[in-house]
Amino acid sequence: LVYISPTRSGAMPKEWRSVMDEHNIIWIGADQSGNRTRVPRRVLLSLLAVDRAQLDYAIDEQRDFLSGFSGGARVASMAVMDHPRLFKGGLFFCGADLWDLASSPDMDIIRNNRYVLITGTSDQALEPVKRTYRGYRKAGIDDAKLMIVRNMGHNTPRRSDFAKAIAFLTDTAPSN
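Residues numbered from 1 in each chain as written. Predicted model: local features only at pLDDT ≥ 70, side-chain atom pairs only at ≥ 80, totals over all residues. Heavy atoms only, no water.

**Observations regarding the pairing of strand β3 (residues 65-69)**
At step 1: Counting buried positions along β3 gives 5 out of 5 residues, so the element sits mostly inside the fold.
At step 2: Side chains F65, S67 and F69 of β3 all project onto a buried face; the interleaved residues L66 and G68 project onto the opposite face, where all are buried too.
At step 3: Crossover β3 to strand β4 (residues 89-93) through helix α3 (residues 71-82) is right-handed. (Buried < 20%, exposed > 50% of the residue type's maximum accessible area, 1.4 Å probe, protein only. Helix = DSSP H or I, 4+ residues; strand = E, 2+ residues; numbered from the N terminus. Right-handed = clockwise from strand over helix to strand, strands pointing away.)

So, in structure tokens, the structure goes:
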């Protein structure tokens, strides 16, 4: 799971470690690449992360996912559509942008990948995230899940919601 952070730290929330371990997923997040970093560099770092991980680990290429929070989620939601052969899905927390899906030559591949969009009832990004999800569904992306967490603001979800998202992303949970 390659993570694009909006802050200077690419670290994983500690409470998520057990979920990552349960699903045998490696977390990769670049430090010093938050929202003040130019978008092309952030995307490049996410692409290089997969190559770097493959040098040190036996990676199941069907489980390469791209994620992000807030501004990082917006970047990740665009990059995952530009690189659907590399990233088999996306997990976006409190941010997502609808990329121009209609013009993508890889639409069949995009439709076969999985996506989870998480927002909260008190999140400032609630409406844009819902709009992006509706755009995915309209484009024929059936393996997309929208999770609206009650009373959650603009922050990363608690462990239980993260676990549900990872289960859906890794296809260990039923489709919508």
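Moving on from the coordinates now.
**Quick word on helix α2 (residues 39-56)**
At step 1: End to end, α2 covers 26 Å across 18 residues, agreeing with the expected 26 Å (1.5 Å per residue, within 8%).
At step 2: Residues of α2 that are buried: R42, V43, S46, A49, V50 and A53.
At step 3: Contacts from the buried residues of α2 go to β1 (2-4), β2 (28-29), β3 and α3. (Expected span 1.5 Å × (residues − 1). Contact = heavy atoms within 4.5 Å.)

**Overview of the pattern of salt bridges**
At step 1: Tallied over the entire structure, the rule returns 9 salt bridges.
At step 2: Taking the shortest distance from any N to any O, the salt bridge between E22 and R159 comes out at 2.8 Å. Of the two residues, E22 is situated in helix α1 (residues 17-22) and R159 in helix α6 (residues 159-169); the sequence distance between them amounts to 137 residues.
At step 3: The network of salt bridges with shared partners includes R114, D143 and D171. (Salt bridge = Lys/Arg side-chain N within 4 Å of Asp/Glu carboxyl O.)

**What to know about the side chain of D123**
At step 1: Among the structural elements, D123 can be located in the loop between β5 (114-120) and α5 (126-138).
At step 2: The side chain of D123 is buried and forms no salt bridge, while R74, the nearest opposite charge, is found at 11 Å.
At step 3: Reaching out from D123, the side chain makes a polar contact with the side chain of T119 at a distance of 2.7 Å. (Lys, Arg positive; Asp, Glu negative; His and termini not counted. Polar contact = N/O pair within 3.5 Å; in protein donor to acceptor, adjacent residues only side chain to side chain.)

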